[in-house]
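# Chain and residue survey
If you want the building blocks of each chain, they are given just below.
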Amino acid sequence: MDEIGLAMKKLGRNKAPGPDGINGECLKRLWSLAKDDMRRGLRLNAQKSKFFIAGVNTEAKATMAMVLEMQVAAFPVLHLGIPLSSSSLKAADYELIISKISEKVNCWMFILPVKVIRTVTKLCRNFLWSGRTDGRKCPVSWIDCCKKVKEGGLGLLNIKLMKQALMRQNLWDVVRGRNNLWTNWLRLFLNQPGDCWNLRYKASCPWPIKKLLSLKSECYSCVDSNFVWKSDGDGFSVRGTRMCLMDSSPVTDWAVIVWNKFSLPRHKFIAWLTFRNRLATKDRISVFGPRNINMGCIFCRDWREDKDHIFGPWVFFSTIWQLCSDWLGNNCSMISWGDRCSWLISHRFHLNLKRECFFAAFTTAIALTWKYRNDEIFKDKPPDLEQRCKRCQKLAIS
């Protein structure tokens, strides 16, 4: 009641007029008279109410139900169409939500404008690199991030290509005569019997229909003589069509090292940036940032700091990698970055498990080396080499 009174005080003078014309000013003046009647009217309806209880026996539940004169409810229960449960929900508990989404998706079609897609893509890109929606410089372009993993990307969803694939799916539904609201409405709206490939739009047609039917020539080349979509022998596939629309790139040989089974996700991400040469080393900062920085390595002071030096002959990374390779039973005497990567890719391991452990140790060594390089620069915290080697070994097998 106190909360209702507080909300009433904050109500504007001419706000919330009801059917009887009573506004906020009138309600404020009459509140001292009406609050007692409202308090008496706010009573619990036991016939429409249920209560939930846990941690007691059956006899206690029955006693409480008799005293409260209410039914005992059990989880899961629907609240505003959403299942609620005291434990983790299973996939079957979400069937109602999935069916409602499917009904909305299957009944109609709408095309997102290009500006909306660009804005959504920008938000996703900013969140990937900063964890926020505001902008910042991106070390890797969004197009490269959306490439396949084996092609050096992250395999993220390209919303623009997804839109194009879904538009082709809607056109394919029209061609195949799928019985849904969108297809039936389009046929009635155009009022053109005959082959669906010969459908023509009028000048007065809405722009989504014009956009959809303009794809007929492109889609016709993707259909064989039996009207089966060529990208997937079992029928139309949104994923298969999206992959066909994506520009193919050469397969990278280092992807198997980065995306191994045992490394932590953040270590894989740092290794991915390293292989793409997108870490903020001093040689890259001097190109895109201030020109007057000290280009020397923070540890050895003599060498120019770049990727090949940090993950090559530099003593910190070399020691970690040498100890890990000796620990795993294969002595890798390579010194340079390129030779080590070539050895990992071409070397024949007796067991796939050992191969994955080597990849995990390599990516973990990269991530820890980069972390403690940054600790030395920004936190003035010199790394303990022996402790970091043990940590690298532990993470490689955890």
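Residues numbered from 1 in each chain as written. Predicted model: local features only at pLDDT ≥ 70, side-chain atom pairs only at ≥ 80, totals over all residues. Heavy atoms only, no water.

Naming follows an unreviewed UniProt entry, where the protein appears as Reverse transcriptase zinc-binding domain-containing protein of Kalanchoe fedtschenkoi.

### Some remarks on the overall build of the protein
Put simply, the rule is: The helix count covers DSSP runs of H or I at least four residues long, the strand count covers runs of E at least two residues long, and both are numbered beginning at the N terminus. Exposure classes here rest on a 1.4 Å probe applied to the protein chains alone. A residue is buried below 20% of its type maximum, exposed above 50%, and partly exposed in between. In this description, contact between two residues means that some pair of their heavy atoms is separated by no more than 4.5 Å. Residue exposure ignores everything except the shown protein chains as possible cover, and the areas themselves are Shrake-Rupley values with a 1.4 Å probe.
A tally of regular secondary structure across the protein gives 19 helices and four strands. The buried share of the protein, taken over its 398 residues, is 35%. For the protein, long-range pairs separated by at least 24 residues make up 53% of all intrachain contacts whose partners lie at least 6 apart in sequence. Taken as a whole, the protein presents about 25,600 Å² of accessible surface, with 56% of it coming from carbon and sulfur.

### Section: the packing of helix α17 (residues 337-346) against helix α18 (residues 352-378)
In plain terms, the rule: Note on geometry: axes are lines fitted to C-alpha atoms, helical ones only across the stretch in contact, with angles between N-to-C directions running from 0 to 180 degrees. When describing relative orientation, an angle under 35 degrees is termed roughly parallel and one over 145 degrees roughly antiparallel, while 65 to 115 degrees is termed roughly perpendicular and anything else oblique. Each crossing gets its hand from how the near helix is turned against the far one by less than a right angle, where anticlockwise is left-handed and clockwise is right-handed.
Put simply, α17 and α18 touch, their axes get as near as 11 Å, and they point 155° apart. Taken together, α17 and α18 sit at an angle that is classed as roughly antiparallel. Crossing hand, α17 versus α18: left-handed. Contact residues: Trp-337, Arg-340, Cys-341, Trp-343 and Leu-344 in α17; Phe-358, Phe-359, Phe-362 and Ile-366 in α18.

### Some remarks on helix α13 (residues 265-275)
What α13 keeps buried is the set His-267, Lys-268, Ala-271, Trp-272, Leu-273, Thr-274 and Phe-275. Phi turns positive, to about 60°, at Asn-277, one or two residues after α13.

### Description of the packing of helix α7 (residues 159-176) against helix α8 (residues 181-190)
Note the threshold: As a working rule, the residues Ala, Val, Leu, Ile, Met, Phe, Trp, Tyr, Cys and Pro are called nonpolar, Asp, Glu, Lys and Arg charged, and the rest polar, with Gly in that last group.
Their axes nearest at 10 Å, the elements α7 and α8 cross at an angle of 65°. In terms of orientation, α7 and α8 fall into the roughly perpendicular class. Here the hand of the crossing between α7 and α8 comes out right-handed. Every residue of α8 that contacts α7 at Asn-170, Asp-173 and Val-174 is listed here: Trp-182, Thr-183, Leu-186 and Arg-187. Here the residues of the contact of α7 with α8 are counted per class, giving three nonpolar, two polar and two charged.

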